[in-house]
Amino acid sequence: MSERRRGAALENALLDAAWDELTATGYARFTMDAVVKRAGTSPPVLYRRWPDRDALVRATLVHVLHKNVLAVPDTGSLREDVLTLMREINATRVQLVTVMSMYLADYHRATGTSPSELLDPAESGRKQAIDTIYHRAVDRGEVKAEHLTERIKTLPFDLLRHEFLTTFTAVPDQVLEEIVDTLFLPLVR
């Protein structure tokens with residue numbers, strides 16, 4: 001007989017089951033019942049925590065991001081910090097970005113939200129990581145703070161996401177270097 005899950009272990013199992021269901025079926029076919037079945041639990045256990053599938057989807061994405069928090073690189077140069085972070089994202093986030101962008105199109109239509117509204121960047125730690133990289137670069141004198149608009153700070157990562165969504169696969173390293181060296185660095189120097 002299996003041991004009964006409780007507390008954080010139960011919540012993690014439910015969110016892992018929800019992620020598996022979301023990646024297997026997409027939002028359009030994502031149901032609370034399917035998650036219950038996949039998690040091997042009962043409906044009240046799930047509904048006590050999340051009142052509907054939209055709340056469960058949001059909680060699932062936050063859970064996945066928190067499980068996979070990226071370390072903030074500190075290589076001593078802006079170029080290498082940005083490339084290191086992009087390489088880590090490239091190696092670990094293709095599925096997450098694809099799911100969030102492609103599979104959740106129905107979610108956005110149904111809820112009237114945009115992809116940027118689904119998750120607060122502060123919840124994922126993404127904004128803090130990027131800001132830390134840029135603060136260090138300013139402190140080292142590599143860039144001027146006034147050149148670092150929010151759009152410019154996110155540009156290399158936005159272009160990486162674009163590559164994911166047009167290829168559905170990891171991006172070759174020479175493309176990452178081209179994004180940083182040819183497009184990004186000239187804007188901040």
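Analysis parameters
- Residues numbered from 1 in each chain as written.
- Predicted model: local features only at pLDDT ≥ 70, side-chain atom pairs only at ≥ 80, totals over all residues.
- Heavy atoms only, no water.
- Axes fitted to C-alpha atoms, helices over the stretch in contact; angles between N-to-C directions.
- Helix = DSSP H or I, 4+ residues; strand = E, 2+ residues; numbered from the N terminus.
- Parallel < 35°, antiparallel > 145°, perpendicular 65-115°, else oblique.
- Contact = heavy atoms within 4.5 Å.
- Nonpolar A, V, L, I, M, F, W, Y, C, P; charged D, E, K, R; others polar.
- Expected span 1.5 Å × (residues − 1).
- Buried < 20%, exposed > 50% of the residue type's maximum accessible area, 1.4 Å probe, protein only.
- Left-handed = near helix turned anticlockwise from the far one by under 90°.

Draft legend 1. A look at the packing of helix 1 (residues 7-25) against helix 4 (residues 53-67). Running from N to C, helix 1 and helix 4 point in directions that differ by 105°, and their axes come no closer than 9 Å. In terms of axis orientation, helix 1 runs roughly perpendicular to helix 4. Residue-level inspection shows N12, L15, D16, A18, W19 and L22 of helix 1 in contact with helix 4, the latter providing L56, A59, T60, L61, H63, V64 and K67. Class assignment for the residues of the contact of helix 1 with helix 4 results in 8 nonpolar, 3 polar and 2 charged.

Draft legend 2. View of helix 5 (residues 78-92). Taking 1.5 Å per residue as the helical rise, helix 5 with its 15 residues ought to reach 21 Å, and the 21 Å between its terminal C-alpha atoms agrees with that figure. Listed as buried for helix 5 are L78, D81, V82, L83, L85, M86, I89 and N90. At its buried positions, helix 5 is contacted by helix 6 (94-103), helix 10 (126-139), helix 11 (150-167) and helix 12 (173-188).

Draft legend 3. Broad picture of the environment of R6. Looking at where R6 falls in the secondary structure, it is placed in the segment before helix 1. On the accessibility criterion, R6 (57% relative accessible area) is exposed. A C-alpha to C-alpha distance of 19 Å links R6 and W19, two positions 13 residues apart in sequence.

Draft legend 4. Region of interest: the packing of helix 5 against helix 12. One can describe the packing of helix 5 onto helix 12 by two numbers: an axis separation of 10 Å at closest approach and a directional angle of 140°. The orientation of helix 5 relative to helix 12 falls into the category oblique. Relative to helix 12, helix 5 is oriented so that their crossing is right-handed. Two secondary-structure elements touch here, helix 5 through L78, R79, V82, L83, M86, R87 and N90 and helix 12 through D173, L176, E177, I179, V180, D181, F184, L185 and V188. Residues of the contact of helix 5 with helix 12, tallied by class, amount to 10 nonpolar, 1 polar and 5 charged.

From the geometry alone we can't say anything about function, so treat these as descriptive.
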